[in-house]
Amino acid sequence: MTKLNILWASMWGAAEDVAKMTEEKAIEQGLEVNMMEMNSVTMQNLQTMDNVAIVTSTTGHGDLPTNGEVFYSQLQKTDLKFENVKYSVCALGDTSHKDFCGAGRKVDTILSELGATSIVPRHECDGDDYGSDQWADHLIKTIKG
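These numbers come from a predicted model, not from an experiment. (Residues numbered from 1 in each chain as written. Predicted model: local features only at pLDDT ≥ 70, side-chain atom pairs only at ≥ 80, totals over all residues. Heavy atoms only, no water.)

Undergrad: Looking at this structure, how should I read the layout of surface pockets?
TA: Here the idea is plain: a probe the size of a water molecule rolls over the atoms and shows the empty space left. Of the pockets and cavities examined, the largest pocket occupies roughly 360 Å³. Elements represented by at least two residues in the lining of the largest pocket include exactly helix H1 (14-28) and strand S4 (86-93). Residue composition of the lining of the largest pocket, grouped by class: 7 nonpolar, 11 polar and 4 charged. (1 Å grid on protein atoms, 1.4 Å probe; cavity = no way out; pocket = protein on both sides within 12 Å on 5 of 7 lines; lining within 4 Å. Points joined across faces, edges and corners; volume = space filled by probe spheres on them. Helix = DSSP H or I, 4+ residues; strand = E, 2+ residues; numbered from the N terminus. Nonpolar A, V, L, I, M, F, W, Y, C, P; charged D, E, K, R; others polar.)

Undergrad: Teacher, can you tell me more about helix H3 (residues 66-77) here?
TA: Since there are 3.6 residues in each turn of an α-helix, residues three or four apart along the chain are aligned in direction. The end-to-end C-alpha distance of H3, which contains 12 residues, comes to 18 Å, matching closely the 16 Å that a straight helix rising 1.5 Å per residue would cover. Within the span of H3, buried status applies to Asn67, Gly68, Phe71, Tyr72 and Leu75. Seen along its axis, H3 keeps its buried residues to an arc of 105 degrees; they face one direction. Exposed positions of H3 whose direction lies more than 90 degrees from the buried face are Thr66 and Lys77. Residues of H3 that are buried make contact with strand S1 (3-9), strand S2 (32-37), helix H2 (43-47) and helix H4 (102-113). (Expected span 1.5 Å × (residues − 1). Buried < 20%, exposed > 50% of the residue type's maximum accessible area, 1.4 Å probe, protein only. Arc of directions from axis to C-beta. Contact = heavy atoms within 4.5 Å.)

Undergrad: Help me understand the side chain of Ser10, please; the structure alone is not making it clear to me.
TA: As for its position among the elements, Ser10 is in the loop between S1 and H1. By relative accessible area, which is 9% here, Ser10 ends up buried. A polar atom in the side chain of Ser10 sits 2.9 Å from the backbone nitrogen of Gly13. Once you skip the residues sitting within four places of it in the chain, Ser10 turns out to touch Ala15, Glu16, Ser57, Pro65 and Asn67. (Polar contact = N/O pair within 3.5 Å; in protein donor to acceptor, adjacent residues only side chain to side chain.)

Undergrad: When you look at the pattern of salt bridges in this model, what are you seeing that I'm missing?
TA: Oppositely charged side chains can form a pair if their charged atoms are brought close together. The full count for this structure, using the stated rule, is 7 salt bridges. Of the charged contacts in the structure, one is a salt bridge between Arg105 and Glu124, with a shortest N-O distance of 2.7 Å. With Arg105 in helix H4 and Glu124 in strand S6 (residues 123-126), the pair connects residues that are 19 residues apart, well separated along the chain. A relative accessible area of 35% means that Arg105 is categorised as partly exposed. Members of the salt-bridge network, linked through shared partners, are Arg105, Asp108, Arg122 and Glu124. (Salt bridge = Lys/Arg side-chain N within 4 Å of Asp/Glu carboxyl O.)

Undergrad: In this structure, what is going on with unusual backbone geometry? I would like to understand it.
TA: Most peptide bonds take the trans configuration, and most residues that are not glycine carry a negative phi. Positive phi, normally seen in glycine, also occurs at Cys101, with a value near 55 degrees. Within the secondary structure layout, Cys101 lies in the loop between S4 and H4.

Undergrad: Got a minute to help me understand the nonpolar core in this structure?
TA: By size, the foremost hydrophobic cluster in this structure holds 28 residues, and its most contacted members are Leu7, Leu46, Leu75 and Phe82. Counting only elements with at least two residues in this core, the list comes to S1, H2, strand S3 (51-57), H3, S4 and H4. If one sorts the elements of this core by residue count, H4 sits on top with 4 residues. Ignoring anything within four residues of it in the chain, the contact list for Leu7 reads Met36, Met38, Val41, Leu46, Met49, Val52, Ala53, Ile54, Val55 and Phe71. In terms of nonpolar packing, the next biggest core, distinct from the first, is built from 20 residues, Trp8, Ala26, Cys90 and Val120 among them. (Core = buried A, V, L, I, M, F, W, Y, C linked by side-chain atoms within 4.5 Å.)

Undergrad: Quick question: what am I supposed to make of the environment of Met21 here?
TA: With respect to the secondary-structure elements, Met21 resides in helix H1. Spatially, the C-alpha atom of Met21 lies 8.3 Å from that of Ala136, the residues being 115 residues apart in sequence.

Honestly, it's all geometry; don't read function into it.
Right under this line is the structure:
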């Protein structure tokens, strides 16, 4: 059975809601799902994941929410490579802020630098979760082949 790992970080709950919606869609499509708060994922865990959906909101000046800070810090420090990881990012933000979707952009960039393969382009939601349904559908369809 194909597995989707959904890693989320959320300040006010919107990104967590998108992660839950993605989980429901994936289960409906027959995927096995492992949904985890980002900070609970070690780099060794990440390295073993095939398909990863990253869902994060942005806080401060383009930063990850507190429940994603440890994960991002570990990504910055790791010497591991993630060539086997296929991923996509759904970033939530607000264009009225200078660092629109900065958290999602940061995670996307560093995963790519560490050898992971983006299989669906990053989706950026402005002010709410607009388009996250289509992003989730596209990602699930891509994973299922």
